[in-house]
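What follows is the residue order along each chain.
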Amino acid sequence: MHKLLGVCVMMFASLTGANESEFIDLSSSSHAILIRQVDSDVNDREIGLDALQKRLGHWGFEQSIRVSGHLLESTYQIIDGYSAAEMLQQHTESFKDAQGVATLFQCDGRDCGRSVQWANRVFDQRLLYGQDNDQRYWVGESTAGDPTLYVAYSAYRTEGRQYLVLQRYRLSPVAE
């Protein structure tokens with residue numbers, strides 16, 4: 001419990017007065033090791049707003065949105081016995097409060113669908129494949145300033161191999 005409280009205090013302190021780029025930055029945490037970063041433009045990327053399920057023989061979302069714009073993504077390995085799912089929850093709650101971000105969708109565990117499909121089809125990172133009951137997914141939206149979407153996903157493989165993916169999409173203006 002003391003570890004979680006320390007993580008909460010550290011994350012809240014780093015997010016107070018934060019800008020949206022700090023959503024993907026856990027460099028202030030000694031319990032998160034950056035293992036992958038992506039900085040790219042995306043076109044027509046699908047963001048799921050429900051569980052990833054097999055429907056009519058194909059994996060996909062029943063509800064989703066398609067976005068184009070600029071993606072910043074960081075993938076972290078969570079170490080020292082900390083929980084990636086708890087870090088995701090604390091990080092997104094603190095960020096929502098500090099930035100006025102609204103939750104569009106969230107799920108926990110088996111309610112999200114199969115983790116192997118999230119790992120391979122959604123995030124294209126095999127290392128995220130873990131236990132279905134210990135995954136967490138969250139999507140948030142900010143319309144203040146430039147329209148921005150935030151996505152977070154946590155995966156639990158083993159005690160020593162837990163991962164947290166944080167994405168920020170700065171959306172391109174929609175052509176009229």
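These figures come from a predicted structure and were not determined experimentally. (Residues numbered from 1 in each chain as written. Predicted model: local features only at pLDDT ≥ 70, side-chain atom pairs only at ≥ 80, totals over all residues. Heavy atoms only, no water.)

An account of the environment of L149 is needed here, citing residue identities and associated values.
Counting through the fold element by element, L149 comes out in strand β7 (residues 148–158). In this structure L149 comes out as buried when scored by relative accessible area, which is 1%. For the pair L149 and R170, spaced 21 residues apart in sequence, the C-alpha separation works out to 6.7 Å. (Helix = DSSP H or I, 4+ residues; strand = E, 2+ residues; numbered from the N terminus. Buried < 20%, exposed > 50% of the residue type's maximum accessible area, 1.4 Å probe, protein only.)

How would you explain the state of the cysteines if you had to name every residue and give the values?
Enumeration over the complete set of coordinates arrives at 1 disulfide. Note that C107 is cross-linked by a disulfide to C112, the S-S spacing being 2.1 Å. Across the S-S bond linking C107 and C112, the dihedral sits near 120°, which makes this disulfide right-handed. Judged by relative accessible area, which is 6%, C107 ranks as buried. Residue classification places C112 among the buried residues on the basis of a relative accessible area of 0%. (Disulfide = S-S within 2.5 Å.)

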